[in-house]
Amino acid sequence: MAKSSRLPGFFRRTPQERRREVQAFADLTDEEIAALDSGGLTLEQADRMIENVIGLHALPLGIATNFQVNGRDRLVPMVIEEPSVVAGLSYAARLVREGGGFHATADPPEMIGQMQVLDLPDPAAARQRLLAAKEELLQLAHTADPVLMGLGGGSRDLMVRHIPSSPVGPMLVVHLAYDVRDAMGANAVNTAAEALAPRVETISGGRVGLRILTNLADRRLARAWGVVPKEALGLEGLSPDEGVQRILEAYAFAACDPYRAATHNKGIMNGVDAVALATGNDWRAIEAGAHAYAATRDRGGYGSLTTWERDADGNLIGSIELPIAAGIVGGATRVHPAARVALKILGVRTAAELAEVLASVGLAQNLAAIRALAMEGIQRGHMKLHARQVAMAAGATGDLVPRVAERLVAEGQVRLDRAQAILAELRGEAR
Ligand code: NAD
């Protein structure tokens with residue numbers, strides 16, 4: 001029987017109880033569960049990952065529940081320091097689940113490698129010569145990674161852009177589209193671009209400067225959409241139609257104003273980054289791609305990555321489209337023990353499936369944020385959880401954390417100075 005990601009009461013359990021539920025859901029071994037302690041990374045492993053290592057830095061790993069993507073239930077691992085993101089995502093996934101879950105698709109995993117060609121006496125003619133040699137160049141890049149070639153990846157297309165004026169004069173930019181299969185693909189694409197560069201110089205008569213992938217991976221888009229039945233939004237004293245309307249109004253703000261869109265998209269990336277981090281992916285690459293895409297997708301300038309509409313029955317329908325350069329092999333995905341476990345919990349079999357989940361997470365996180373903002377206000381939703389963090393920052397431990405947090409929320413003043421004062425008062429009473 002297919003397992004359900006709907007785990008009622010999960011948030012009330014202890015971390016040990018939750019581990020047992022996740023272990024059963026994802027068939028994790030005891031060793032894999034043990035890897036969740038402090039990320040399972042040793043100092044020696046860390047020392048091989050980056051330079052000048054002196055320690056390990058831990059972050060909370062949480063599980064978002066209720067996800068159903070293309071008919072399959074998934075538990076979503078998230079690594080994040082910010083309160084209310086995991087809870088918000090689980091809540092939003094439940095709302096979309098009531099409307100049939102997320103429907104998601106991903107483009108083939110094609111990354112783009114760029115080559116900058118300088119010192120060209122006749123850029124227009126050089127461009128034509130490069131285009132005429134397209135098949136030869138594609139073949140050359142294709143053989144640069146025999147592993148990828150064997151897996152059905154490799155060269156897909158070659159484009160040549162002419163930039164007529166720049167601070168150093170005209171240049172050509174050669175784009176190599178390269179299928180990286182289940183990898184994020186930065187190293188694979190960079191290697192292919194390097195392999196191509198000498199031949200590009202000979203054909204163009206110019207000099208190749210930079211050879212590097214672009215994070216604006218717009219040939220590798222992922223999309224997700226889902227419906228929230230309007231009845232699920234009849235909350236907080238609002239009718240279902242009013243609930244839908246509040247969300248449409250919040251979306252309209254982001255659709256028309258880059259100041260709001262930046263924050264709106266940040267909320268989307270709260271979820272996407274947390275899952276990327278949990279699975280050992282380069283979240284900065286995904287961030288860069290998302291914001292660049294939000295700024296270049298249409299001529300209107302920087303805008304929302306999501307769209308929210310009312311369908312013919314008055315229900316809320318949301319969609320998202322963004323580049324997702326994420327892998328299940330390469331980089332840290334297989335090196336980091338906890339990242340391997342996170343991928344197993346997620347149960348994705350290809351990079352495309354991971355991209356579909358990440359797009360769904362982005363859409364759900366956006367719904368959680370705009371629903372909370374439009375219907376509850378940030379104070380009630382986020383601040384309740386934020387108050388716990390402020391209480392801990394003030395030095396509260398044990399049962400003093402919830403007591404201080406409750407007072408902060410009740411007073412409507414979630415500030416460090418108030419937390420310190422309340423803590424001193426409570427400690428005084430205890431004495
Ligand atoms: P990688 O080089 O570690 O792994 C990819 C390689 O694994 C492929 O080239 C292939 O030879 C092999 N492979 C085996 N099985 C495969 C399969 N099923 N599908 C695809 N490849 C398979 O990693 P990568 O994904 O090329 O690069 C990712 C890393 O590059 C990340 O750590 C990222 O931080 C880093 N990086 C990023 C940027 C950037 O975003 N601008 C630039 C440089 C490096």
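Residues numbered from 1 in each chain as written. Predicted model: local features only at pLDDT ≥ 70, side-chain atom pairs only at ≥ 80, totals over all residues. Heavy atoms only, no water.

Engineer: How should the overall build of the chain be read in this particular structure?
Structural biologist: Secondary structure assignment for the chain yields 16 helices and 10 strands. Its C-alpha radius of gyration of 25 Å places the chain within 12% of the 22 Å reference for a compact globule of 431 residues. Dimensions of the chain, computed from the C-alpha atoms along their principal axes, are close to 80 × 55 × 50 Å. Put simply, the chain has 46 plus and 50 minus side-chain charges, and the middle of one group is 2 Å from the middle of the other. (Helix = DSSP H or I, 4+ residues; strand = E, 2+ residues; numbered from the N terminus. Rg over C-alpha atoms; globule rule 2.2 N^0.38 Å. Lys, Arg positive; Asp, Glu negative; His and termini not counted. Charge placed at Lys NZ, Arg CZ, Asp CG, Glu CD.)

Engineer: Sorry if this is basic, but what is going on with the site of the ligand here?
Structural biologist: By nearness alone, 21 residues border the ligand, and Asp145, Asp182, Gly185, Asn215 and Asp282 come closest of all. Contact distances for the ligand include 3.1 Å between an oxygen atom and a backbone N or O atom of alanine 188. Residue aspartate 282 places a side-chain N or O atom 2.7 Å away from an oxygen atom belonging to the ligand. Summarising the interface, the protein chains cover 70% of the accessible area of the ligand, which totals 860 Å² for the free molecule. Elements with a minimum of two residues in the shell around the ligand: helix H7 (146–150) and helix H8 (186–204). Here the shell around the ligand gets 4 residues from one element, more than from any other, and that element is H8. Class assignment for the residues of the shell around the ligand results in 11 nonpolar, 6 polar and 4 charged. (Near = heavy atom within 4 Å. Polar contact = N/O pair within 3.5 Å; in protein donor to acceptor, adjacent residues only side chain to side chain. Areas by Shrake-Rupley, 256 points an atom, 1.4 Å probe, with all protein chains shown as cover. Nonpolar A, V, L, I, M, F, W, Y, C, P; charged D, E, K, R; others polar.)

Engineer: Help me understand the pattern of salt bridges in this model?
Structural biologist: Once the charged atoms of two side chains with opposite charge are near each other, the side chains can pair. Summed over all chains, the structure comprises 23 salt bridges. Lysine 230 is the salt-bridge partner of aspartate 241, the closest N and O atoms lying 3.3 Å from each other. Of this pair, aspartate 241 sits in helix H9 (residues 240–256) while lysine 230 sits in the loop between strand S8 (221–228) and H9, placing them 11 residues apart in sequence. Looking at aspartate 241, the relative accessible area reads 39%, which means it is partly exposed. In this structure, the salt-bridge partner of aspartate 417 is arginine 415, at a minimum N-O distance of 2.9 Å. A relative accessible area of 42% places aspartate 417 in the partly exposed class. A network of salt bridges, in which partner residues are shared, links Glu110, Lys134, Asp157 and Arg219. (Salt bridge = Lys/Arg side-chain N within 4 Å of Asp/Glu carboxyl O. Buried < 20%, exposed > 50% of the residue type's maximum accessible area, 1.4 Å probe, protein only.)

Engineer: Mind showing me how you'd approach the packing of helix H10 (residues 258–278) against helix H11 (residues 283–296) here?
Structural biologist: Angle between the axes and distance between the axes: these two values describe a pair of packed helices. Running from N to C, H10 and H11 point in directions that differ by 155°, and their axes come no closer than 9 Å. If you check the angle between H10 and H11, you find them roughly antiparallel. Judged by the twist between their axes, the crossing of H10 over H11 is right-handed. Between H10, through Asn265, Met269, Val272, Asp273, Ala276 and Leu277, and H11, the contact on the second element is made entirely by Trp283, Ile286, Glu287, Ala290, His291 and Ala294. Of the residues contributing to the contact of H10 with H11, the split by class is 8 nonpolar, 2 polar and 2 charged. (Axes fitted to C-alpha atoms, helices over the stretch in contact; angles between N-to-C directions. Parallel < 35°, antiparallel > 145°, perpendicular 65-115°, else oblique. Left-handed = near helix turned anticlockwise from the far one by under 90°. Contact = heavy atoms within 4.5 Å.)

Engineer: What is the right way to look at the side chain of asparagine 270 in this model?
Structural biologist: The topology assignment puts asparagine 270 in helix H10. Other than its neighbours up to four places away in sequence, asparagine 270 contacts Ile80, Glu82, Val85 and Gln365.

Engineer: I tried to follow unusual backbone geometry on my own but got confused; where do I start?
Structural biologist: When glycine is set aside, most residues are seen to have a negative phi, and most peptide bonds are trans. The backbone of asparagine 66 shows a phi angle near 75°, a positive value even though the residue is not glycine. Of note, asparagine 66 is situated in strand S1 (residues 61–69). The exposure class assigned to asparagine 66 is buried, which follows from its relative accessible area of 5%. Of note, the phi angle at aspartate 119 is positive, near 55°, even though the residue is not glycine. For aspartate 119, a relative accessible area of 51% puts it in the exposed group.

Engineer: Would you explain the sheet that holds strand S6 (residues 171–179) in this entry?
Structural biologist: In sheet architecture, strand pairing relies on hydrogen bonds along the backbone and comes in two forms, parallel and antiparallel. Spatially, the 4 strands line up as an open sheet ordered S5-S6-S4-S7, and their pairing is antiparallel. Each edge of the sheet is formed by a strand with only one pairing partner; in this case those strands are strand S5 (154–163) and strand S7 (207–213). Mean inter-strand twist for the sheet, computed between neighbouring axes without regard to direction, equals 20°. The pairing of strand S4 (residues 110–118) with S7 spans 5 bridges and is antiparallel. Residue methionine 115 lies in a different strand from S7, and its bridge partner there is arginine 211. With respect to the sheet, helix H6 (residues 134–142) is in contact with S5 and S6, its orientation differing from that of S5 by roughly 125°. Packed onto the sheet, H8 meets S4, S5, S6 and S7 and runs at close to 160° relative to S7. (Pairing = 2+ DSSP bridges.)

Engineer: Please explain H8 as it appears in this structure.
Structural biologist: An α-helical turn contains 3.6 residues, so a residue and the one three or four places further along point in the same direction. The end-to-end C-alpha distance of H8, which contains 19 residues, comes to 25 Å, matching closely the 27 Å that a straight helix rising 1.5 Å per residue would cover. At alanine 197, H8 shows its largest bend, some 35°, and a proline, proline 198, comes one to four positions later. For H8, the set of buried residues is Ala186, Ala188, Val189, Asn190, Ala192, Ala193, Leu196, Ala197, Val200, Ile203 and Ser204. (Expected span 1.5 Å × (residues − 1). Bend = angle between axes of the 7 residues up to and from the residue.)

Engineer: Explain a nonpolar patch on the surface to me, please; I cannot follow it from the model alone.
Structural biologist: A cluster of nonpolar side chains, contributed by Met49, Ile50 and Val335, occupies part of the molecular surface with about 250 Å² of accessible area. When you line up the elements, valine 335 lands in the loop between strand S10 (316–323) and helix H12 (337–346). (Patch = residues over 30% accessible without salt bridge, like charges linked within 9 Å, V, L, I, M, F, W, Y side chains within 5 Å.)

Engineer: Before we go on, may I ask you to explain the layout of surface pockets in this structure?
Structural biologist: The rolling of a water-molecule-sized probe over the atoms marks out the regions of remaining empty space. By volume, the second largest pocket is sized at about 1400 Å³. Taken together, 48 residues line the second largest pocket, and the ones lying closest to its centre are Met49, Leu277, Gly280, Ala332 and His336. Broken down by element, the lining of the second largest pocket gets its largest block of residues, 3 residues, from H8. Tallied by class, residues from the lining of the second largest pocket come to 28 nonpolar, 14 polar and 6 charged. (1 Å grid on protein atoms, 1.4 Å probe; cavity = no way out; pocket = protein on both sides within 12 Å on 5 of 7 lines; lining within 4 Å. Points joined across faces, edges and corners; volume = space filled by probe spheres on them.)

Engineer: Got a minute to help me understand the nonpolar core in this structure?
Structural biologist: The nonpolar side chains of soluble globular proteins are, as a tendency, buried together. Phe67, Leu316, Ile324 and Leu367 are the most contacted members of the largest nonpolar core, which has 60 residues in total. Setting aside residues up to four positions removed in sequence, leucine 367 forms contacts with Ala92, Leu95, Val96, Val228, Ile247, Trp308 and Leu316. Ranked by size, the runner-up nonpolar core spans 33 residues in total, among them Val117, Ala126, Val160 and Leu176. (Core = buried A, V, L, I, M, F, W, Y, C linked by side-chain atoms within 4.5 Å.)

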